[in-house]
Amino acid sequence: MAEFLQYLVTGVTIGSIYALAALGFAIVYNASHVINFAQGEFIMIGGMATATLTAAGVPLPLAILAGIAGAMLVGVLIAKFAVERARNASVVTLIIITIGASIFLRGLAEVVWGKEFHRLDSFSGNAPLMLGGAVVTTQSLWVLGVTAALILATGLFFNRTMAGKAMLATSHNRLAAQLVGVNVRHVVLAAFALSAALGAMGGAVVAPITYSYTEMGIMLGLKGFAAAALGGLGNGVGAVAGGLIVGIAESLSAGYISSAYKDAVAFVIIVAVLVFMPGGLFGRAGTERV
Amino acid sequence: MLLEITGLDAHYGRIRALSSVDVAVGEGELVAIVGANGAGKTTLLRTLSGVHPASAGTIRFDGGDITRLSAHARVAAGIVQVPEGRQLFGPLSVEDNLRLGAFRRRHRPEEDLGRVYAMFPALGQRRRQPAGTLSGGQQQMVAMGRALMANPRLLLLDEPSMGLAPLLVAEIFKAVQALKEQGTTILLVEQNATAALAIADRAYVLETGSVTLRGTGAALLADEGVRQAYLGL
Ligand SMILES: Nc1ncnc2c1ncn2[C@@H]1O[C@H](COP(=O)(O)OP(=O)(O)OP(=O)(O)O)[C@@H](O)[C@H]1O
Ligand SMILES: [Mg+2]
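Residues numbered from 1 in each chain as written. Chains lettered and ligands numbered in written order. Predicted model: local features only at pLDDT ≥ 70, side-chain atom pairs only at ≥ 80, totals over all residues. Heavy atoms only, no water.

For chain B, the name recorded in an unreviewed UniProt entry is ABC transporter ATP-binding protein, with Azospirillum oleiclasticum as its organism. Among the UniProt annotations of chain B, the heading Sequence similarities (unreviewed entry) holds the following wording: "Belongs to the ABC transporter superfamily." (UniProt positions renumbered as here; feature names shortened; annotations may be inferred.)

If you check an unreviewed UniProt entry, chain A appears there as Branched-chain amino acid ABC transporter permease from Azospirillum oleiclasticum. Its UniProt record gives chain A the following Subcellular location (unreviewed entry) comment, quoted word for word: "Cell membrane". Recorded under Sequence similarities (unreviewed entry), the UniProt text for chain A is reproduced unchanged: "Belongs to the binding-protein-dependent transport system permease family. LivHM subfamily."

This is how it looks when you write it as structure tokens:
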């Protein structure tokens with residue numbers, strides 16, 4: 001039982017990061033119908049910037065903010081120069097463009113930060129808590145708390161503010177959004193910026209657990225995609241649930257079967273979703289709110 | 001003239017949907033555009049709203065050239081469209097649809113919201129309901145209410161009576177007339193030519209992308225050619 005609880009804690013912690021990435025996939029997909037495979041690089045930028053800046057003496061909160069700002073800038077640039085230019089391109093072309101952008105960003109990150117692993121201290125000490133026999137690190141609590149706060153803030157933004165509602169409206173009916181005066185180009189830019197901020201914040205809080213390195217975004221991004229697909233592409237609530245499910249499934253299979261299969265779990269989920277329920281567990285966007 | 005369209009062309013790929021269209025609408029006027037299926041009526045309104053590009057010609061609004069202005073800037077300038085097929089934000093509530101209509105305005109829209117509910121009481125009782133679950137007539141009311149929330153200087157209506165039961169058609173036309181009496185300038189596109197010409201100050205007949213006839217509503221209503229082609233008389 002304690003063992004099971006331990007796997008659950010681990011799964012929910014890493015699942016939180018998948019959930020943030022999946023939410024990013026959903027927001028961008030809703031605004032532009034692009035599946036942004038550079039989403040994982042936002043996580044990497046957040047993690048790397050925070051780790052290297054704090055190592056250089058910058059206070060942690062400032063380092064995190066700088067990482068978020070950098071990721072948002074990169075997100076807007078991807079939207080502006082890659083996605084917007086290819087406005088009339090097919091979905092496949094747009095996907096290839098985002099994959100290209102992610103390869104480019106990894107290369108650039110390697111030039112700036114090098115290939116080695118960067119360590120980041122836990123945000124508040126290393127003394128773990130015990131919870132019903134399971135060990136919970138303080139950093140896990142940071143991950144859970146920050147994720148919960150971000151998800152809540154995202155939900156409030158889309159359901160309570162006019163800017164958020166305008167973004168939702170654009171995803172439901174682009175023409176009508178234009179006719180009420182929404183600048184739909186700005187919606188796409190805002191979606192990339194928002195998803196970048198979510199990813200980078202996730203990268204910063206998870207960095208003390210995973211270490212950060214320029215390729216950290218590949219797996220995190222792909223698993224975020226698995227989570228988004230599982231939740232129903234474009235469905236925000238589904239994305240969060242999908243993230244937690246992928247995280248827990250992965251942690252349980254690593255614990256009870258073998259950690260060798262850990263990464264395979266996400267891909268089994270992607271294939272199963274694509275084959276058996278293309279709409280995901282919770283249905284696609286269109287009827288659901290983000 | 002509040003709106004002056006001269007020599008307007010629009011294409012879909014190589015298909016020419018509008019050729020050299022000249023249309024003018026004066027302040028406070030209700031101008032109708034009638035024409036058969038595929039005549040280019042919707043294309044004309046889409047081009048006016050800036051969601052479809054003009055390939056030649058100019059659109060002047062309130063003295064300024066807006067031919068190349070973006071769609072959202074035209075809404076801000078006061079050109080607001082109720083599109084064909086209503087185009088609501090289906091999963092969003094009636095009230096959110098209406099509030100989004102005021103997206104370009106800075107002030108809080110409570111007062112206008114009250115005015116729309118007073119004009120269409122059926123919407124007030126359904127303000128929390130997803131707009132997509134309403135009946136066709138109520139959806140048309142939401143579409144019109146959403147446009148009114150923008151406080152339009154020129155209201156473009158694309159077949160507001162399409163697909164509605166006769167009783168509702170009458171109600172929609174009554175609302176259009178009431179808006180005109182309150183001073184709103186309206187460009188009304190309709191296949192229901194009899195009803196449109198009856199309330200229009202002036203009207204244009206559009207045929208395969210060109211204006212073939214123009215005149216007062218009453219004159220066109222009496223015109224033998226129009227009666228045969230569009231009124232089924
Ligand atoms: N998206 C499109 N792509 C290609 N051709 C189009 C498109 N939309 C309209 N057309 C063509 O342009 C012409 C004008 O169409 P439009 O929709 O403006 O006519 P309409 O007068 O509004 O017709 P209706 O009364 O059926 O609404 C038609 O020949 C139509 O087939
Ligand atoms: Mg039409």
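It is worth spelling out the packing of helix α6 (residues 136-148) of chain B against helix α7 (residues 166-181) of chain B at this point. Residues and elements named next belong to chain B. Where α6 contacts α7, the two axes come as close as 10 Å, and the packing angle between them is 15°. By the angle class used here, α6 and α7 are roughly parallel. Two packed elements cross with a definite hand, and for α6 against α7 that hand is right-handed. Along the contact surface, α6 presents G137, Q140, M141, M144 and L148, while α7 presents L168, E171, I172, A175, V176 and L179. Tallied by class, the residues present in the contact of α6 with α7 amount to eight nonpolar, two polar and one charged. (Axes fitted to C-alpha atoms, helices over the stretch in contact; angles between N-to-C directions. Helix = DSSP H or I, 4+ residues; strand = E, 2+ residues; numbered from the N terminus. Parallel < 35°, antiparallel > 145°, perpendicular 65-115°, else oblique. Left-handed = near helix turned anticlockwise from the far one by under 90°. Contact = heavy atoms within 4.5 Å. Nonpolar A, V, L, I, M, F, W, Y, C, P; charged D, E, K, R; others polar.)

A separate point is the coordination of the magnesium ion (ligand 2). Residue and element names in this part refer to chain B. Taken together, T42 (OG1) and E84 (OE) make up the protein donors of the magnesium ion (ligand 2), found 1.9 to 2.2 Å from the metal. Note that T42 is positioned in helix α1 (residues 41-49) and E84 in the loop between β6 (79-82) and α3 (94-101), a separation of 42 residues in sequence. Using a relative accessible area of 21% as the deciding quantity, one classes T42 as partly exposed. (Donors = N, O, S within 2.8 Å, 3.2 Å for Na, K, Ca; no water. Buried < 20%, exposed > 50% of the residue type's maximum accessible area, 1.4 Å probe, protein only.)

Okay, the interface of chain B and chain A next. Taken together, the 21 residues of chain B in the interface contact 19 residues of chain A. Of the roughly 1800 Å² buried between chain B and chain A on both sides combined, carbon and sulfur atoms contribute 69%. Of all residues in chain B, the largest losses of buried area upon contact with chain A belong to F89(B), P91(B) and F103(B), amounting jointly to 29% of the total for that side. When the shortest N-O distance is used, the salt bridge between K165(A) and D96(B) registers 2.7 Å. One can count four residue pairs in polar contact (both at pLDDT 80 or more) joining chain B with chain A. For the side of chain B that touches chain A, the secondary structure elements donating two or more residues are α1, α2 (71-77) and α3 of chain B. (Buried area = accessible area lost by both parts, 1.4 Å probe. Salt bridge = Lys/Arg side-chain N within 4 Å of Asp/Glu carboxyl O. Polar contact = N/O pair within 3.5 Å; in protein donor to acceptor, adjacent residues only side chain to side chain.)

A word on helix α2 (residues 39-55) of chain A. All names here are of chain A. The terminal C-alpha atoms of α2, which comprises 17 residues, lie 25 Å apart, in line with the 24 Å expected from a rise of 1.5 Å per residue. In terms of burial, α2 is a largely internal element, 14 of the 17 residues being buried. Two residues or fewer past α2, G57 is found with a positive phi of approximately 100°. (Expected span 1.5 Å × (residues − 1).)

By size, the foremost hydrophobic cluster in this structure holds 63 residues, and its most contacted members are I17(A), I35(A), I78(A), F192(A), V205(A), L220(A) and V246(A). The biggest single contributor to this core is helix α8 (residues 184-210) of chain A, with eleven residues. Residue contacts for I17(A): discarding those within four places in its chain leaves I43(A), V143(A), G202(A), V205(A), V206(A) and L220(A). With 47 residues, the next largest nonpolar core counts V34(B), V82(B), A102(B) and I186(B) among its residues. (Core = buried A, V, L, I, M, F, W, Y, C linked by side-chain atoms within 4.5 Å.)

Right, let's talk about the confidence of the model for chain A for a bit. Scored by pLDDT, chain A has a mean of 91; 97% of the residues are at 70 or more. Below a pLDDT of 50 lies the segment residues 285-290 of chain A, which in the model reaches 24 contacts outside its immediate sequence neighbourhood of four places, other chains included. (pLDDT = per-residue confidence, 0-100.)

To continue, consider the site of ligand 1. All names here are of chain B. In the vicinity of ligand 1 there are 13 residues, among which N37, T42, T43, E84 and Q191 approach most closely. T43 has a polar side-chain atom sitting 2.5 Å from an oxygen atom of ligand 1. A distance of 3.2 Å separates an oxygen atom of ligand 1 from a polar side-chain atom of E159. Considering ligand 1 on its own, with 630 Å² of exposed area, one finds that the protein chains cover 61% of that surface. In terms of residues, the shell around ligand 1 owes the most to one element, α1, which gives three residues. Each residue belonging to the shell around ligand 1 can be placed in one class, and the counts come to four nonpolar, six polar and three charged. (Near = heavy atom within 4 Å. Areas by Shrake-Rupley, 256 points an atom, 1.4 Å probe, with all protein chains shown as cover.)

Residue and element names in this part refer to chain B. Spatial strand order, β6-β7-β8-β3-β9-β10: six strands in an open sheet with mixed pairing. Looking at which strands have only one partner, the edges of the open sheet turn out to be β6 and β10 (210-216). Taking each pair of neighbouring strands and ignoring which way they run, the sheet shows an average axis angle of 20°. Where strand β7 (residues 154-158) and strand β8 (residues 185-190) come together, five bridges link them in parallel fashion. (Pairing = 2+ DSSP bridges.)

Our focus in this paragraph is the domain arrangement of chain B. All names here are of chain B. For chain B, the domain assignment lists domain 1 (1-78 + 153-233) and domain 2 (88-151). Summarising the inter-unit geometry, the C-alpha centres of domain 1 and domain 2 are found 23 Å apart. In this assembly, 14 residues from domain 1 lie in contact with eleven residues from domain 2. At the boundary of domain 1 and domain 2, one finds zero salt bridges. Counting across the domain 1 and domain 2 interface gives zero residue pairs in polar contact (both at pLDDT 80 or more). Of all elements in the fold, only α2, β7 and α7 reach the threshold of two or more residues within the side of domain 1 that touches domain 2. Take the side of domain 1 that touches domain 2: its biggest share by element is six residues, from α7. For the side of domain 1 that touches domain 2, a count of residues per class yields eleven nonpolar, one polar and two charged. (Domains from an automatic or database assignment.)

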